[in-house]
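# A structural walkthrough
Listed below are the residues making up each chain.
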Amino acid sequence: APSALAGDRDHWFANIRAVQEDCGIPSDSVPMHFGGGFASKFQLMAGKAMKIFCRGRSVRLVGHLGAYSAIGPCKDMLGWDLYKESSFTCFFQSERPCKKDQKGKGAGSAAAKLLKGAGAKDEMALFQAIEAYFFRVNEATSSDFHHRELSSGVSDVPGPGRILIGVHARRGDKVHDSYNRYYTAREYADAIMQGTGALQLAPSAAHRCTVYVASDSAAVIGELKSIMEGTMAKGCTFNVVGQQGTRTQQATDHHQFERNGGAMAGKIAKMSGEQALDTAREILFDVYTLSRANVFVGTLTSQVGRLAAGLRLAGPLGADAVRGGRTIALDYKNAGMVQGMGAADGIPSPLSEGWVPPPRPPPGEAITVGAATALFTTVQALQRQGNRCSSHTQGAAAQQHGIEVEEINLGTFATLGEFAAQLRGLVAAAAAVLRRGHVFCIAGHFVGHSDGKACKEHLGAGFAGGSFRCFFADERPCSDEQEHEGDIGGAEERQLLQDAVSKAEDLALFQAAQTYIFRLNEVAMSEVLKRRWSVRLDEGDGEASAGPSLAFDAEPRMGAAVVGDSKADGAGEALAQFAVAWADNDEAAKATPCRLYIASNASAIVRDMQKRLEKRISLGRCSVFKVYGLQDYWDSHPGLKKQAKSREALDVIFDVWMLSRAEAVVGRLASPLGRLAVGVREKPGGAAMALDFIAAAPAAKGFSSAEAEGWSSPPPAPPGT
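My aim in this report is to walk through the structure given alongside it, one point at a time. (Residues numbered from 1 in each chain as written. Predicted model: local features only at pLDDT ≥ 70, side-chain atom pairs only at ≥ 80, totals over all residues. Heavy atoms only, no water.)

### Things to note about the pairing of strand 1 (residues 27-31)
Threshold: Strands pair, by our definition, only if DSSP identifies at least two bridges between them. Helix numbers and strand numbers start at the N terminus; a helix is a DSSP run of H or I with at least 4 residues, a strand a run of E with at least 2. Looking down the strands as they point away from the viewer, one classifies a crossover as right-handed if the path from the first strand across the helix to the second runs clockwise.
Where strand 1 meets strand 2 (residues 58-62), five bridges bridge the pair, whose relative direction is parallel. Within strand 2, the residue paired with Ser29 across the bridge is Arg60. Following the chain from strand 1 across helix 2 (residues 38-53) to the adjacent parallel strand 2, one finds a crossover that is right-handed.

### Some words on the packing of aromatic side chains
Within a pair of aromatic rings, the relevant descriptors are the distance that separates the centres and the angle that separates the planes. Note the following rule: Aromatic rings from Phe, Tyr and Trp, with only the six-membered ring used for Trp, were paired whenever their centres fell within 6.5 Å, and each pair was classed as stacked if the ring planes differed by under 30 degrees, edge-to-face if by over 60, and tilted otherwise. Think of it in three bands: with a 1.4 Å probe and only protein chains considered, a residue is buried below 20% of the maximum accessible area for its type, exposed above 50%, and partly exposed in between.
Using the criterion set out here, one finds 29 aromatic pairs in the structure. Judged by centre distance (5.7 Å) and plane angle (70 degrees), the ring pair of Phe38 and Phe91 falls under edge-to-face. Of the two residues, Phe38 sits in helix 2 while Phe91 sits in the loop between helix 4 (80-85) and helix 5 (109-116), which places them 53 residues apart along the sequence. On the basis of relative accessible area, Phe38 is assigned to the buried category, the value being 3%. Centre to centre, the rings of Phe419 and Phe471 are 5.7 Å apart; their planes meet at 70 degrees, and the pair counts as edge-to-face.

### Thoughts on the side chain of Asp216
The following threshold applies: Here a polar contact is taken to be a pair of N or O atoms separated by no more than 3.5 Å, where protein atoms must pair a possible hydrogen donor with a possible acceptor and residues adjacent in sequence count only if both atoms sit in side chains. Residue contacts are defined here by distance: any two heavy atoms, one from each residue, within 4.5 Å place the two residues in contact.
Tracing the backbone through its elements, the reader meets Asp216 in the loop between strand 4 (207-215) and helix 9 (219-228). For Asp216, the side chain forms a polar contact with the side chain of Arg170, separated by 3.0 Å. A distance of 2.8 Å separates a polar atom in the side chain of Asp216 from the backbone nitrogen of Arg171. Among residues more than four places away in sequence, those in contact with Asp216 are Ala169, Arg170, Arg171, Gly172, Thr248, Gln249, Thr252 and Asp253.

### Topic: the packing of helix 12 (residues 273-291) against helix 13 (residues 303-312)
Selection rule: Here, axes are lines fitted to C-alpha atoms. For helices the fit covers the stretch in contact, and angles between N-to-C directions go from 0 to 180 degrees. Just so you know how the angles are binned, under 35 degrees is roughly parallel, over 145 roughly antiparallel, 65 to 115 roughly perpendicular, and the rest oblique. Here is the rule for handedness: rotate from the far helix to the near one, and if that takes an anticlockwise turn smaller than a right angle the crossing is left-handed, while a clockwise turn gives right-handed. Throughout, the ten residues Ala, Val, Leu, Ile, Met, Phe, Trp, Tyr, Cys and Pro are labelled nonpolar, Asp, Glu, Lys and Arg are labelled charged, and all others, Gly among them, are labelled polar.
It is the contact of helix 12 with helix 13, at a shortest axis distance of 8 Å, that shows an interaxial angle of 45 degrees. The pairing of helix 12 with helix 13 is recorded here as oblique in orientation. The chirality of how helix 12 crosses helix 13 is right-handed. Contacts from Ile283, Val287, Leu290 and Ser291 in helix 12 reach Val304, Leu307, Ala308, Leu311 and Arg312 in helix 13. Across the contact of helix 12 with helix 13, the residue classes break down as seven nonpolar, one polar and one charged.

### A closer look at the pattern of salt bridges
Side-chain pairing between opposite charges can occur once the charged atoms of the two side chains come close. We count it as follows: Basic side-chain nitrogens of Lys or Arg form a salt bridge, by our definition, when they fall within 4 Å of a carboxyl oxygen of Asp or Glu.
Counting across every chain of the model gives 26 salt bridges. Asp144 is the partner of Arg148 in a salt bridge, and the nearest nitrogen-oxygen pair spans 2.6 Å. In this pair, Arg148 and Asp144 both sit in helix 7 (residues 139-152), four residues apart, roughly one turn of the helix. In this structure, Arg148 and Asp144 share a single accessibility class: buried. Through salt bridges with shared partners, a single ionic network connects Asp144, Arg148, Arg247 and Asp278.

### A closer look at the environment of Gln631
Following the sequence through the fold, Gln631 ends up in helix 24 (residues 630-636). Judged by relative accessible area, Gln631 falls into the buried class, the value being 2%. Between the alpha carbons of Gln631 and Val606 there is a distance of 8.6 Å; along the sequence they are 25 residues apart.

### Details of the side chain of Lys41
The condition is simple: This count recognises Lys and Arg as positive and Asp and Glu as negative, with His and chain-terminal groups excluded.
Looking at where Lys41 falls in the secondary structure, it is placed in helix 2. No salt bridge is formed by the buried Lys41; its nearest oppositely charged neighbour, Asp345, is found at 13 Å. Here His33 takes part through its backbone oxygen, which lies 2.8 Å from a polar atom of the side chain of Lys41. The contact partners of Lys41, leaving out residues within four places of it in the chain, are Met32, His33, Phe34, Gly35, Gly36, Leu65, Gly66 and Tyr68.

Below, the structure written as structure tokens:
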């Protein structure tokens, strides 16, 4: 266990100090500018220093920590003579407190010999001791930390009866790395519970557990507060705190300086000297506070997380109370890759820092997108009756605990083509099963959408039984082995549920089945939130669950029918006219910014709408239009994703989610995506207008009619539009 090496770390820390304070031992220089962010530079610096110590020599740090310390305030603080050599002491104590030509006392010779003899078995402890030695802050940084402790609410933790839980949640450029994803607040909360449980606090004791959130987005603190603030579990009463309104949060949430790259290091270079100094100190304070936590939850692909995890186990910061806690990596699966990335630079494996995997998500965890109507609740309760459908049913109805279970195979809908169409086919099949008073289970794959490598890796062995759960919550949330606890109420209650479903109106049943099927799992929801952040819908403001004011479904997507050339089919003009008509509403009390989201697999129509609408100001209810589109974002960042006629399922899910939250939707009835989005609206009753609307058009067999779903024709454009 990493904590077993604590004595070794203390041993190496003492020897490093002895060597560094003996001015007679020859030194080699380590440049500090290598790496990206502050923590990356710090770790690379420690890796290079370790190689020098292992040659029996001392280390002198030279140069600057990039734009974090190559700034006017550091030059003013240190004076030119010291600054031109190194700005390390702008934040930290001197690593080599020797003046030029100062002779040594020979006290470090024995320590140098020990360091020279360090072997591979000592690498982990030695590296973390070097990190701890370099991370000794000076008086100015310490004073700054004291003020931040008071303002962020961590001045008295950890301590007797007080537990500190550290959370490092990256947004910004990290959510776009190929090896990273957007982790939701719920995933962090589940990991916090796991780590707190491992402390084995007495349930009867009243421990105040402070959750310190270090993040480059201010939204994360609010998200965790909404889940955990004031709750009691695992012997804890949780209190969520953190730095708020920091420079890094403003730069990330408001997408500042992004022409210099999404990474924070690129943004720092565009800040003033005082702003850069403040940013560096806030990052250092986050590292310092996380390193003191009894429990730490983060990601090992972030160097801030890795630095904090290493410091928790080493030197003066590695207090006994800290060493017993868990360090949980939500991206633990990346450990092997990260180890390979740092090995050449002398950075040991992240597993030496004590990281452990996150908890398995609770079974049946679901995010309901649509309206949770009474009939939806009935369908949900009915689906929990009996046991999970087993493979032996093979499409035939099978009786389990007194209820008929029918298997629906997703391959049946392959001929429907695109993902949204296959989903609607599944909904119609599910509604038919429910109408018969039966329940359904789902097997097979969405052909071309969930039968690939990504879903195989996500589901593991479960992929063979079907890939519906790659994106959505389990349709039968109980295991094959488990006798269903939901026979609660017995046959009488089951019959009541069956009667309620079988007697429901067609439209109500179709929409209840649609909402039930379109319940996202936590991973899919994290991808939705990642895309929402990417297209800049928030611009630093707004609730995470909020949607656009107006949404256009510029569909269908496949082949020549794609509305990619807005000039060719008149879509651009028609949609712009509707936006103006919608905005020109005399009833609006006050003009506010109007956000227009366009779902399309081509960016041309997004850019056309931006040209047509974004220059207009004070138009009725809209003080200004802002036009967004996911494919436009991908096309503007070609290194992330290429344009495709048939987009991946997660992009489609995001478009459905966005359209379902708009006040008004405009599209075509020929598009299954728009039909699906209007059907899973959280608040039914909003405007839904189809450019190809035909009154009293019959519905396809098994589906609800467009008119019944609330679609209508768009109003005529006002004169002079």
